[in-house]
Amino acid sequence: MRKMRQWVIDHPIGFVAAFSALYFIWFFLLEQFREPVLMVHSSLDDKIPFCEYFIVPYLLWFVWIAVTFIYFYRNSREDFYHACRYMFTGMIICLAIYTVLPTGLELRPQIANDNIFSQLVAMIYTVDTSTNVCPSIHVFNSIAVNTVIQHSDIFRHKKLVHAGSYLLAIAICMSTVLLKQHSIIDVFWGCVLGIVLYPLSYRSMYDDDRAGEYKVHVS
């Protein structure tokens, strides 16, 4: 385990690439070969309106994740590895849950409007099936990224960054239900997973014996 941990520390790009390959292959196989056995639905879902304008924060999620990883990789390896540990652990747990209990949705409406926002929603509906939804990875990763940003020493005195990160995380979580991409149940369990994994992510992956190699910063 020490050798593996040291390899991860010495080869961060290789580690992220290896995880990404594993994640996407696993997710692709689930999409192709696992049919939902449980359709997720709450009566609250029926009371939440569809709003195509929330495609903006929904898509910003992809940019936010990528930019945050790149920024922390270049400026704070400590935060970079916190983000890796937090997000990658949760994503693997989600895939394991999808494997054991495949879930699906029947919430998507007919898109009536013909504006750019509606067209983007239609595109998302085409490329992202309404299966493997609970817990919501969109929600979990939003919580994880926001948590790392809030704890980062780099942003300790940057209140605008803190506030903007919170607002974006909330908007992304809202977008998952307002676009009918997820049930409120998926959001709830995504939040639970984020809370449960929070303590694990803030134990150092560098340190077995609490010696002094906790912080690794890039000058």
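Residues numbered from 1 in each chain as written. Predicted model: local features only at pLDDT ≥ 70, side-chain atom pairs only at ≥ 80, totals over all residues. Heavy atoms only, no water.

**Examining a nonpolar patch on the surface**
Let me state the cut-off plainly: Patches here: salt-bridge-free residues with over 30% relative accessible area, like charges joined within 9 Å, nonpolar side chains (Val, Leu, Ile, Met, Phe, Trp, Tyr) joined within 5 Å. Accessible surface area values rest on a Shrake-Rupley calculation with a 1.4 Å probe, where residue burial reflects the displayed protein chains alone. Think of a salt bridge as a Lys or Arg side-chain nitrogen and an Asp or Glu carboxyl oxygen that are within 4 Å of each other. Numbered from the N terminus, helices here are DSSP runs of H or I no shorter than four residues, and strands are runs of E no shorter than two.
On the surface, V37, L38, I97, V100 and L101 cluster together to form a nonpolar patch covering roughly 450 Å² of accessible area. Turning to its location among the elements, L38 is positioned in strand β1 (residues 38-39).

**Structural notes on the confidence of the model for the protein**
In low-pLDDT regions, the fine details of the predicted coordinates are not to be read closely. The line we're drawing: How sure the predictor is of each residue is captured by pLDDT, a score from 0 to 100. Contacts are assigned to residue pairs that have any heavy atoms within 4.5 Å of one another.
Per-residue confidence for the protein gives a mean pLDDT of 87; residues scoring 70 or more make up 87%. Across the protein, the secondary-structure element scoring lowest on mean pLDDT is helix α1 (residues 2-10), at 68, and the one scoring highest is helix α8 (residues 159-178), at 95. Under a pLDDT of 50 for its full length, residues 204-219 has, in the predicted model, 33 contacts with residues more than four places off or in other chains.

**A short note on the pattern of salt bridges**
Should their charged atoms come close, side chains of opposite charge can pair. Counted by the stated rule, this structure contains 1 salt bridge. A salt bridge links R156 to D153, with the shortest nitrogen-to-oxygen separation between them at 2.5 Å.

**So, the side chain of S118**
Just so we agree on the cut-off: Buried residues are those whose accessible area, probed at 1.4 Å on protein chains only, stays under 20% of the maximum for their type, while exposed residues exceed 50% and partly exposed ones sit between those limits.
Tracing the backbone shows S118 in helix α6 (residues 116-127). By relative accessible area, which is 3% here, S118 ends up buried. Here S118 is in contact with E52, I111 and N113, once residues within four sequence places are set aside.

**Thoughts on the layout of surface pockets**
Heads up, the rule is: A cavity here means a set of 1 Å grid points, computed over protein atoms only, where a 1.4 Å probe fits but cannot escape. A pocket is an open set with protein on both sides within 12 Å along at least 5 of 7 lines, and lining residues have an atom within 4 Å of a point. Grid points are joined across faces, edges and corners, and a volume is the space filled by probe spheres set on the points. In this classification, Asp, Glu, Lys and Arg are treated as charged, Ala, Val, Leu, Ile, Met, Phe, Trp, Tyr, Cys and Pro as nonpolar, and every other residue, Gly included, as polar.
Counted as a void, the largest pocket has a volume near 850 Å³. Around the largest pocket, the lining is made up of 36 residues, and of these Y23, F24, W61, F62 and M91 lie nearest the centre. Every element with two or more residues in the lining of the largest pocket is listed here: α2 (12-33), α4 (55-75), α5 (77-100), α6 and α7 (137-151). Of the residues in the lining of the largest pocket, the class split is 23 nonpolar, 10 polar and 3 charged.

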